[in-house]
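Residues per chain, in single letters:
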Amino acid sequence: MTIQVYEAQGVKMAFSQIHMRLAACLLNISEGRKKDIVEKVAKAAVYHDNGQDYPQGTVLNIFSDYDYNRSVITIAAPVDRIGNCVVSACMEAFRSIDLSAHVGIHPCLGAVDLVPIYPLSDVDVEECGMVAQKLAENLALSVPGCSIFLFGEADLPNRQSLVQRRKQLGWFNRRTFRAASVVPDLGSAPTSKYGMTGVGASPYVMNCNVTLDTQDLAAAKEIAGLIRGSSAGGLKGVESMAFPHKGQIEIACNVESFDDRGNLLTVYEGSGFVSYSVLGKSYYYVSPKLIEASIKKLGRDRGISTTGTALVGFTPDECMRCAAYALRKRIGEFWRIRGGVFM
């Protein structure tokens, strides 16, 4: 695999041929206001308690949002090492975050809300599923009282998607969540401090947020519904929600990779779909530009303009390139070079 040149904050990074079996975790925790706690969780992924770094683990990015009170920490490592890195970060998060005191506009069920494992290079999603299963088992043993549900390739034999599992549990509206009636896949019944954590594996999922210059939440929810992949004429692989955010409305999109071209006649960047390959298998996703253009048009039809678009972290190829560079150079806190985002 030939890696091209990547530039970040004036640092020019040239890559050559690599042969690394890499996976990533976009760890979602229910804390976005206390920077010291978020950074402590991130550091736990790459450092032992004695301060020594784990071999071949890196935190590529931190994205925190105050209104959401949520952070996404991008962790990358060889597939046989990523489980240990992620469990260490989760243990620190469980020690530091009390879900019962959480206040934020973004849905969540757990102090550690989401632990997805994604293939980056020379590893398939099925192996990532096995890693996620083992990770979940270790987490249940290491943190007595935590509660875990499985999704995707870790949820065997059903392989239910994250959205399906979240709907079953009431993630989209925490008021419908009934902890006493929930039977976790692993661990204990949900507690008020830890809540419930989703652990699973799938092809890479990006996060892309588009801000609307309005306070009309009903109109924004309508737009979010129209671009959703499950809607007629929606964008394939896109899951979307609308939230009040800093006096405006933000449409938050999960952008899933898929391996079935379906009815797409052409798949290339100019069409709004981007392709990439992992272990010889092709995947596709909707480009952030197409998401932004679609929301702009729907907003314009309703007299609403957009004010900005933010990609939370990386595209799949960017994540792989940065991971390869950071691991080769043994940069555990790559996010400091790139610059974490605290909003």
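A short tour of the structure in this document, coming up. (Residues numbered from 1 in each chain as written. Predicted model: local features only at pLDDT ≥ 70, side-chain atom pairs only at ≥ 80, totals over all residues. Heavy atoms only, no water.)

This next bit is on the layout of surface pockets. Quantified by volume, the largest pocket comes out at close to 990 Å³. L162, V163, V205, N254 and E256 are the residues nearest the centre of the largest pocket, which is lined by 48 residues in total. Partitioning the lining of the largest pocket into residue classes produces 22 nonpolar, 13 polar and 13 charged. (1 Å grid on protein atoms, 1.4 Å probe; cavity = no way out; pocket = protein on both sides within 12 Å on 5 of 7 lines; lining within 4 Å. Points joined across faces, edges and corners; volume = space filled by probe spheres on them. Nonpolar A, V, L, I, M, F, W, Y, C, P; charged D, E, K, R; others polar.)

Moving on, we come to the packing of aromatic side chains. All told, the structure shown has seven aromatic pairs when counted by the stated rule. Aromatic pair Y118 and Y204: ring centres 5.2 Å apart, planes at 50°, arrangement tilted. With Y118 in strand β6 (residues 112–121) and Y204 in the loop between β9 (197–201) and β10 (205–212), the pair connects residues that are 86 residues apart, well separated along the chain. Neither Y118 nor Y204 differs from the other in exposure class; each is buried. The ring of Y66 has R33 sitting right over it, with the charged end atom 4.4 Å from the ring centre. Over the aromatic face of W171 sits the side chain of R166, whose NZ or CZ is 3.6 Å from the ring centroid. (Phe/Tyr/Trp six-rings, centres within 6.5 Å; stacked < 30°, edge-to-face > 60°. Helix = DSSP H or I, 4+ residues; strand = E, 2+ residues; numbered from the N terminus. Buried < 20%, exposed > 50% of the residue type's maximum accessible area, 1.4 Å probe, protein only. Lys NZ or Arg CZ within 6 Å of the ring centre and 35° of its normal.)

Inspection of the secondary structure assignment puts D155 in the loop between β7 (147–152) and α4 (162–169). Despite its burial, D155 remains without a salt bridge, the nearest opposite charge being carried by R165 at 4.3 Å. Engagement of the side chain of D155 in a polar contact is seen with the backbone nitrogen of Q160, the distance being 2.9 Å. Not counting residues up to four positions away in its chain, the partners in contact with D155 are L150, Q160 and R165. (Lys, Arg positive; Asp, Glu negative; His and termini not counted. Salt bridge = Lys/Arg side-chain N within 4 Å of Asp/Glu carboxyl O. Polar contact = N/O pair within 3.5 Å; in protein donor to acceptor, adjacent residues only side chain to side chain. Contact = heavy atoms within 4.5 Å.)

A few words now on the environment of K297. Mapped onto the elements of the fold, K297 is located in helix α6 (residues 288–300). Residues K297 and I223, spaced 74 residues apart in sequence, show a C-alpha to C-alpha distance of 9.7 Å.

On to helix α2 (residues 82–96). Compared with an ideal rise of 1.5 Å per residue, which puts 15 residues at 21 Å, α2 spans 21 Å between its outermost C-alpha atoms and is within 8% of the ideal. Burial runs high along α2: 11 of the 15 residues are buried. Every buried residue belonging to α2 is among I82, G83, C85, V86, V87, S88, A89, C90, E92, A93 and F94, and all of these are buried. (Expected span 1.5 Å × (residues − 1).)

We now examine the packing of helix α5 (residues 217–227) against α6. The contact between α5 and α6 brings their axes to 10 Å, and the two run at 135°. Between α5 and α6, the angle is such that the two are oblique. Here the hand of the crossing between α5 and α6 comes out right-handed. The segment α5 lies against α6, with I223, L226 and I227 engaging S294, I295, L298 and G299. (Axes fitted to C-alpha atoms, helices over the stretch in contact; angles between N-to-C directions. Parallel < 35°, antiparallel > 145°, perpendicular 65-115°, else oblique. Left-handed = near helix turned anticlockwise from the far one by under 90°.)

A separate point is helix α3 (residues 125–142). With 18 residues, α3 should reach 26 Å at 1.5 Å per residue; the first-to-last C-alpha distance of 25 Å fits that figure. Turning to α3, its buried residues number three or more, namely V125, C128, G129, V131, A132, L135, A136 and L139. With its buried residues spanning 160° around the axis, α3 presents them on a single face. Opposite the buried face of α3, at more than 90 degrees from it, the exposed residues are M130 and L141. Of the surrounding secondary structure, the elements contacted by the buried residues of α3 are β3 (22–29), α2, β6, β7, β8 (186–187) and β9. (Arc of directions from axis to C-beta.)

Position of F243 among the secondary structure elements: in strand β11 (residues 238–245). Spatially, the C-alpha atom of F243 lies 8.3 Å from that of A220, the residues being 23 residues apart in sequence. Residue contacts for F243: discarding those within four places in its chain leaves Y68, I105, H106, P107, L217, Q248, I249, E250 and A252.

The next subject is the side chain of S147. When you line up the elements, S147 lands in strand β7. For S147, a relative accessible area of 1% gives the class buried. In this structure S147 touches P184, L186, S188, A189, P190, G195, M196 and T197, once residues within four positions along its chain are discounted.

Our focus in this paragraph is the sheet that holds β11. An order of β11-β12-β10-β15 is seen for the four strands of this open sheet, with the pairing classed as antiparallel. Strands at the two margins of the open sheet, each flanked by one partner only, are β11 and β15 (306–312). Adjacent strand axes in the sheet meet at a mean angle of 20° when their direction is disregarded. Sheet topology places β10 next to strand β12 (residues 248–256); eight bridges connect them, and they run antiparallel. Its bridge partner being in β12, M206 is matched across the sheet by V255. Seen against the sheet, α5 touches β10, β11 and β12 and runs at an angle of roughly 165° to β11. In the packing of α6 onto the sheet, contacts are made with β10, β11, β12 and β15, and the angle to β10 comes to roughly 30°. (Pairing = 2+ DSSP bridges.)

With that out of the way, let us pick up the environment of S100. With respect to the helices and strands, the residue S100 is situated in the loop between α2 and β6. Distance from S100 to T191, taken between C-alpha atoms, is 8.9 Å for residues 91 residues apart in sequence. Separated by 2.6 Å, the side chains of S100 and D98 make a polar contact.

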